[in-house]
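Structural overview for review
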Amino acid sequence: MLIYNTYTRKKEEFKPIEENKVKMYICGPTVYNYIHIGNARPVLFFDLVHRYFNYLGYEVEFVSNVTDVDDKIINRAIEEEVTEAEIAKKYLEYFLECNQLLNALPFNKMPKVTENMDEMIQFIQDLVQHGYAYAVDGDVYFRIDKVREYGQLSGKKIEELEVGARIAEDSKKENPLDFVLWKKTDKGITWDSPWGAGRPGWHTECVVMIQKEFQGKIDIHGGGTDLQFPHHENEIAQSLCMHGHNLANYWMHVGRLGLNNEKMSKSLGNVINVKDLIEKVDANAFRLFMLSVHYRQPINYTEENIQLAVREWQKIKTTFNQLHLKLDVAGALDVQEEKVAELEELMHQFTTALDDDFNTSNAITHFYSVIKEVNKMMRAKASEGKCKYALMTLQSMAYILGFDLKKKRLTLEERELMKSWEAARKAKDFTKADELRAKLQTLNVL
Ligand SMILES: [Zn+2]
């Protein structure tokens, strides 16, 4: 399997640190707001990565942090006249609820900053002790001069960055690019530290969480492309100094989502919340849309694009339901499957696409070909064994892509109704057939 590694700017063969195991981490949400469809892109993409590794037989350990203390949370708490903890709880619940609605597999762990404060303070202290950081008036800054590789991930040159940073120079810093590890403040919630009351900077969180949860380097570190600089660059800088490695063997970044070719942002007032969208649009159709573009490319959300996905999803669901129903009525859901060479080949092409840096766009094209093939098989009245193989192929692909493609088995009564309906149609008793169809529709069978 090939993965594009942002750190080396190359597609590289995936070699896990531990055999049959994938250690994966993505930067989690800052829980101060409802998550919007742009935030959902990394969630959906890394869920696909999680699922595909599962399918290949890997044990996946997937961790994502929760930033539950931050300026934005503090400001929101002041605004709403509640505590930071209440704000964090409310929006974390919303995030988790959205993940569930989107059919994303749960993370193995979601460590919170506020529950790891001792470790964070200790880590910053270690950086100071080794000369990688310095304290000034209760703030602590990281010395970027200590890291030769600074800028490697984002492809930025230190000299150019310094020119930009000097414009907004902070006189307390030795170098305008030095970033804050501990922030002295008396606004909102604070913690005691050797440098006085304050709270940690965002960039330290992930380094500390990864060390705590994985005790060393991980396979994959992911996030949105906007996190490359400065967040991920700064994570790497701290880890290189304290742990002697750059945190992850593969750095993966997901492109941005635009809304009608514009950036989606609160200030532009063009934000669509996940929950609002999936009240109107099937979560599966949204997923289909999100995975239809390669993850490193930007994706453009428009009403037209989402409606196209809605129609495509409807076709997928119809084919699956018809196939399931056909087998169910025949009492053949548990028959031994019979291989179908065309489907086997399409499944091979599907996994080959995913093996090439998770090319979901090509994989979905092969998924559509399977749908076509299945419709053809049903028209040609393929054997029960072949239909069962088709059903299993669809289910495997749906599992990997994260579609919720399930259908309940018929009850005895429903099966009898189905049989009577078929008999009435055959006998051209259309009045009776219509009656039975209406009944089956109310029962949600058709
Ligand atoms: Zn992070």
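Refer to the structure presented above.
Here's what I pulled together on the structure shown here. (Residues numbered from 1 in each chain as written. Predicted model: local features only at pLDDT ≥ 70, side-chain atom pairs only at ≥ 80, totals over all residues. Heavy atoms only, no water.)

Overview of the packing of helix α9 (residues 283–291) against helix α10 (residues 303–329)
Quick note on the threshold: Axis lines are fitted to C-alpha atoms, over the contacting stretch for helices. Their N-to-C directions set the angle, which ranges from 0 to 180 degrees. The way it works is that DSSP assigns letters per residue, a run of H or I at least four long becomes a helix, a run of E at least two long becomes a strand, and they are numbered from the N terminus. If you view the pair so one helix is near and one far, a crossing is left-handed when the near helix is turned anticlockwise from the far one by less than a right angle, and right-handed when it is turned clockwise. We call two residues in contact when some of their heavy atoms are within 4.5 Å. Polar here means any residue outside two lists: the nonpolar Ala, Val, Leu, Ile, Met, Phe, Trp, Tyr, Cys and Pro, and the charged Asp, Glu, Lys and Arg; Gly therefore counts as polar.
Relative to each other, α9 and α10 sit at 115°, their axes nearing to 8 Å. Classified by chirality, the crossing of α10 by α9 is right-handed. Residues N284, A285, F286, L288 and F289 of α9 touch α10, and the partners they reach there are N305, I306, A309, V310, E312, W313 and I316. Tallied by class, residues from the contact of α9 with α10 come to 9 nonpolar, 2 polar and 1 charged.

Description of the nonpolar core
The line we're drawing: The criterion is simple. A nonpolar core is a set of buried Ala, Val, Leu, Ile, Met, Phe, Trp, Tyr and Cys residues joined through side-chain atoms within 4.5 Å. Think of it in three bands: residues with accessible area under 20% of the maximum for their type are buried, residues over 50% are exposed, and the middle band is partly exposed, with areas taken using a 1.4 Å probe on protein chains only. Residue ranges for the domains originate in an automatic or database domain assignment.
Counting 93 residues, the largest nonpolar core has F53, I220, F286 and F358 as the members making the most contacts within it. Shared between two domains, this core holds at least three residues of each, these being domain 1 (2–280) and domain 2 (310–401). In this structure F53 touches M1, I3, F14, V22, Y58, V60, I220 and F358, once residues within four positions along its chain are discounted. Membership of the second largest hydrophobic core comes to 44 residues, among which are I74, L153, L177 and W195.

Re the packing of aromatic side chains
Applied cut-off: Planes of paired rings set the category: under 30 degrees apart is stacked, over 60 is edge-to-face and the rest tilted, where pairs are Phe, Tyr or Trp rings (Trp by its six-membered ring) whose centres lie within 6.5 Å.
Here the structure, examined in full by the defined rule, presents 19 aromatic pairs. Here the aromatic rings of F45 and Y295 are separated by 4.0 Å at their centres, their planes lie at 20°, and the arrangement is stacked. With F45 in helix α1 (residues 40–55) and Y295 in the loop between α9 and β13 (299–301), this pair connects stretches of sequence that are 250 residues apart. With relative accessibility at 3%, the residue F45 sits in the buried group.

Here's the deal with helix α13 (residues 384–401)
The line we're drawing: How far a helix is expected to stretch is found by multiplying one less than its residue total by 1.5 Å.
With 18 residues, α13 should reach 26 Å at 1.5 Å per residue; the first-to-last C-alpha distance of 26 Å fits that figure. Every buried residue belonging to α13 is among G385, C387, K388, Y389, A390, L391, T393, L394, M397, A398, I400 and L401, and all of these are buried. Remark: G402 follows α13 within two positions and exhibits a positive phi of approximately 85°.

Here's the deal with the sheet that holds strand β12 (residues 262–263)
Rules: Strand pairing is assigned whenever DSSP detects at least two bridges linking the two strands.
Strand order in the open sheet made by the 3 strands is β12-β11-β13, with mixed pairing throughout. The sheet terminates laterally at β12 and β13, the two strands that pair on one side only. By the bridge criterion, 2 bridges tie strand β11 (residues 257–259) to β12 in an arrangement that is antiparallel. For G258, the partnering residue across the bridge sits in β12 and is K263.

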